[in-house]
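Chain residues, written in single-letter form:
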Amino acid sequence: MAADEPLVLGIETSCDETGVGIVHGTTLLADAVASSVDTHARFGGVVPEIASRAHLEAMVPTIERALKTAGISARDLDGIAVTAGPGLAGALLVGVSAAKAYAYALGKPLYGVNHLASHICVDQLEHGKLPEPTMALLVSGGHSSLLLSADITSDVRPLGATIDDAAGEAFDKIARVLDLGFPGGPVIDRLAREGDPAAIAFPRGLSGSRDPAYDFSFSGLKTAVARWIEAKRAAGEDVPVRDVAASFQEAVVDVLTRKAVRACKDEGVDHLMIGGGVAANSRLRALAQERCERAGIRLRVPRPGLCTDNGAMVAALGSEMVARNRPASDLELSADSSLPVTDPHVPGAQGHAHEHDHSHDHDHVHEVSKENLYS
Ligand code: KG4
Ligand code: ZN
C-alpha cells in the first residue's frame, strides 16, 4: 500500500442498505453497512419511503462507524464518493445529500459514481487491479447485464441485458410464491443445496439459436415455476420446495454462465468478473468456476459480502477515479434514478449531458425529498 494512494470514503444508499466504505488505493479499511431489509420483509419487497427514512437515520452513525474502524479522521480523506444512480430516487438522494454536505464542510472533492460500475470495481479490493478490458456479468435485484469495460472509470459497454425481470428479482418472486420471505436469493440458495437441480426441467430463457446471444429473460421461467407450483397445490400434493428451488436456480445460473462464457470467447477476453447481489449465489459461483476453467477463462468473484450492496464498492470506484485523475463532480450533482450503465462517473450539473429524458425522475426526486424533510 503506497503512501500516496488515494484515501476515499464511499457512500451507498441506492436501495435498502446504507453502506459506508473506506479504501486506501485498492485496500479495504472499513465496510460499514446498516440494512433496513427486516423492515421491508413483511411487505415482500423494498418500500422506497421506508428505505429513505432508514437511510436518513443510519447515515451519520454509519459514517462515524466506518471512520472509527478505519482509524482515520474525515480530514485525512482525499475524496468522497457517492452512488448517484441508478436506484430508488429518494434513497439515492439521502446519500448524495450527505456526500455533498461532508465534501463541502471538509473541502474535499466529491465523486458521483454509478452503482453498477461500483459492483464491478469492488473486485479490485480483493483480487487487485481489473484487467482491461474486463468482461463483467452483473446480476442484482434490479439489473442483469453483460458488460465489457475497457476502463471502469470511463468506458463501460453493455453487450446484453435482461429484457424483463432481473435475475435477483426472479429469485425474490419465486421465494414469494414459495412463501419463503424476502429477499429470496439467500434462502433459495440454502434450500437448493438439499434439492435436486435436475428434478424439474424448467425453461432456459432466450437460449434458442436465433435468440439474442447476450440478452436474458427470466419472466417465462418465473411463470413456468409458478404454474408448476400451482398445479401441485391444485392437485392437493406437497410442493417439493427444495427440488423446486434447486431446479429454478439451476435454470437461472445455467443461462447466466453459458452466456457470460460465450461473450468472453466471442470478444477474446480471458477474464470474467461476476458482481451484484446474485453473485453471492453459491451455485452460480461453482458453475461459473467449472465452465470458466473448461474454457480457459480466469474467474473473479468478490466474497459474498462485497457482492451485495455496500459502501466499499463505491469507495473502490471513487479511489480509481482519483487515481486516474478524473474530474471531481460539482456540488450541483443530483441523484439520477435511471443513470445509464454507460456513465460510470457523474460530473454534476455542468457536465451532465445525458440524452435520455430525466424530467420524470427529477420530479420524483423532489417529491420524495420534500417528504423526507418535512414529514
Ligand atoms: O446488488 P444487490 O444487493 O442490490 C441491488 O442492487 O439490487 O442485490 C440484491 C439481490 C436480491 O434480489 C437478492 O435476492 C439477491 O440479490 N441475492 C441472491 C443471493 N444473495 C442476494 N440471489 C441468489 N443467491 C444469493 N445467495
Ligand atoms: Zn446493487
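Keep in mind it's a predicted model, so treat the numbers as computed, not measured.

Engineer: What am I meant to see in the confidence of the model for the protein chain here?
Structural biologist: Counting all residues, the mean pLDDT for the protein chain is 92, and 92% of those residues have values of 70 or more. This model gives residues 352-375 a pLDDT under 50, and the stretch forms 33 contacts once residues within four places in sequence are excluded.

Engineer: In this structure, what is going on with the pairing of strand 4 (residues 79-85)? I would like to understand it.
Structural biologist: Along a regular strand, successive side chains alternate from one face of the sheet to the other. Within strand 4, seven of the seven residues are buried, leaving the element largely enclosed by the surrounding structure. Where strand 1 (residues 7-12) lies against strand 4, four bridges are found, and the strand directions are parallel. Note that in strand 4 the partner of Val8 across the bridge is Gly79. Pairing of strand 4 with strand 5 (residues 110-114) involves five bridges; the strand directions are parallel. Directly across from Val82, in strand 5, lies its bridge partner Gly112.

Engineer: Can you help me understand the coordination of the zinc ion (ligand 2) in this one?
Structural biologist: Six octahedral donors at a metal ideally form angles of 90 or 180 degrees, and four tetrahedral donors ideally form angles of 109.5 degrees. Coordination sphere of the zinc ion (ligand 2), protein contribution only: His115 (NE2), His119 (NE2) and Asp309 (OD), at 2.0 to 2.1 Å. Each donor residue of the zinc ion (ligand 2) lies on one chain, and together they are spaced H-x3-H-x189-D. You can see His119 sitting in helix 4 (residues 115-121) and its partner Asp309 sitting in the loop between helix 11 (304-307) and helix 12 (312-323), a full 190 residues away along the chain. Relative accessible area serves as the criterion here: at 1%, His119 is assigned to the buried category.

Engineer: Could you clarify how one ought to interpret the nonpolar core in this entry?
Structural biologist: One broad rule of soluble globular proteins: the nonpolar side chains tend to lie buried together. With 51 residues, the main nonpolar core has Met135, Leu137, Leu146, Phe248, Leu256, Leu272 and Ile274 as its most contacted residues. At the level of secondary structure, the elements contributing two or more residues to this core comprise strand 6 (134-139), strand 7 (144-151), helix 6 (167-177), helix 7 (184-192), helix 8 (219-234), helix 9 (241-267), strand 9 (271-275) and helix 10 (282-295). Tallying contributions element by element places helix 9 first for this core, with 13 residues. Core analysis: the next-biggest nonpolar cluster, separate from the first, contains 30 residues, Ala70, Leu77, Ile80 and Val82 among them.

Engineer: Teacher, can you tell me more about the packing of aromatic side chains here?
Structural biologist: Working definition: an aromatic ring pair is given by the centre-to-centre distance plus the angle between the planes. Applying the stated criterion across every chain yields a total of three aromatic pairs. Taken together, a centroid distance of 5.1 Å and an interplanar angle of 75 degrees make the contact between Phe171 and Phe248 edge-to-face. Note that Phe171 is positioned in helix 6 and Phe248 in helix 9, a separation of 77 residues in sequence. The burial state of Phe171 is the same as that of Phe248; both residues are buried. Note on Phe202 and Trp228: the rings are 6.4 Å apart at their centroids and 85 degrees apart in plane angle, and the pair reads as edge-to-face. On the criterion of sequence distance, the pair formed by Phe202 in the loop between helix 7 and helix 8 and Trp228 in helix 8 is long-range, its members being 26 residues apart.

Quick notes on the rules
- Residues numbered from 1 in each chain as written.
- Chains lettered and ligands numbered in written order.
- Predicted model: local features only at pLDDT ≥ 70, side-chain atom pairs only at ≥ 80, totals over all residues.
- Heavy atoms only, no water.
- pLDDT = per-residue confidence, 0-100.
- Contact = heavy atoms within 4.5 Å.
- Buried < 20%, exposed > 50% of the residue type's maximum accessible area, 1.4 Å probe, protein only.
- Helix = DSSP H or I, 4+ residues; strand = E, 2+ residues; numbered from the N terminus.
- Pairing = 2+ DSSP bridges.
- Donors = N, O, S within 2.8 Å, 3.2 Å for Na, K, Ca; no water.
- Core = buried A, V, L, I, M, F, W, Y, C linked by side-chain atoms within 4.5 Å.
- Phe/Tyr/Trp six-rings, centres within 6.5 Å; stacked < 30°, edge-to-face > 60°.

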